[in-house]
Amino acid sequence: KYFGYIIMFTVNAGMLFYVFLFAIQQNRHRQIAWIQSFFIWWLSEVLVMSTVVVFVIHYLVPLMVEKDVAKIKEKILETIEDCRNEMMLESNIQPFESMNCNKSPASFNAADYMFVSMRVAKHFPDLPVAKTIARFKTPWPRQSYQHVVDESRSYKHGLSYFFSSVTTI
């Protein structure tokens, strides 16, 4: 990280030095024109472009997703309220295993096998959160973005590309 900072600082300092060397070789009229164009660019960047970026990121994007977020919030609150109502209606706590009595192949739940939260809820069924976790069902395993497959062994090496293209001709 620090090496990257050093490289960026060095590149920027080198470019500024080059601009300085170029500027001292110009006449006074060109130097004044250059500094005026620089300040005009800087003001337009700060006042116009940055304002547009802030407007888009902090106003337009939230405005576009506001309805979807409200629907998701409503659905989550309904699910939590349903779970609370079920828990209030039950006089005695059912064991965790009896909550999922429908075990047909069509109702496969990947969360039972692949989610740590389900395992924790099975070990501690008396927790109020355990029943909320037990209501979650999905046939799909969670997506892992850390899994990397090394495909380099499947590539052909050397001049095999050349020979395969020659043989096709």
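Structure shown above.
Small disclaimer: the values here were computed from a predicted structure and weren't measured.

**Here we look at the overall build of the chain**
So, point 1. Within the chain one finds seven helices and zero strands.
So, point 2. Listed N to C, the secondary structure of the chain is α-α-α-α-α-α-α in terms of helices and strands.
So, point 3. Across the 169 residues in the chain, those meeting the buried criterion constitute 8%.
So, point 4. Summarising the internal contacts of the chain: among those between residues at least 6 apart in sequence, 61% fall at separations of at least 24.
So, point 5. Accessible surface, the chain as shown: approximately 15500 Å² in total, 68% of it carbon and sulfur.

**Thoughts on a negative patch on the surface**
So, point 1. A cluster of acidic side chains, namely Glu-74, Glu-78, Glu-81 and Asp-82, defines a negative patch on the protein surface.
So, point 2. Considering the arrangement of structural elements, one finds Glu-78 in helix α2 (residues 28-89).
So, point 3. A relative accessible area of 41% means that Glu-78 is categorised as partly exposed.

**Some thoughts on the packing of aromatic side chains**
So, point 1. In this structure the tally under the stated criterion is five aromatic pairs.
So, point 2. Judged by centre distance (5.6 Å) and plane angle (65°), the ring pair of Phe-38 and Phe-39 falls under edge-to-face.
So, point 3. For Phe-39, a relative accessible area of 44% translates into the label partly exposed.
So, point 4. Counting every residue linked through ring pairs, the aromatic cluster contains Trp-34, Phe-38, Phe-39 and Trp-41.

Definitions and limits used
- Residues numbered from 1 in each chain as written.
- Predicted model: local features only at pLDDT ≥ 70, side-chain atom pairs only at ≥ 80, totals over all residues.
- Heavy atoms only, no water.
- Helix = DSSP H or I, 4+ residues; strand = E, 2+ residues; numbered from the N terminus.
- Buried < 20%, exposed > 50% of the residue type's maximum accessible area, 1.4 Å probe, protein only.
- Contact = heavy atoms within 4.5 Å.
- Areas by Shrake-Rupley, 256 points an atom, 1.4 Å probe, with all protein chains shown as cover.
- Patch = residues over 30% accessible without salt bridge, like charges linked within 9 Å, V, L, I, M, F, W, Y side chains within 5 Å.
- Salt bridge = Lys/Arg side-chain N within 4 Å of Asp/Glu carboxyl O.
- Lys, Arg positive; Asp, Glu negative; His and termini not counted.
- Charge placed at Lys NZ, Arg CZ, Asp CG, Glu CD.
- Phe/Tyr/Trp six-rings, centres within 6.5 Å; stacked < 30°, edge-to-face > 60°.

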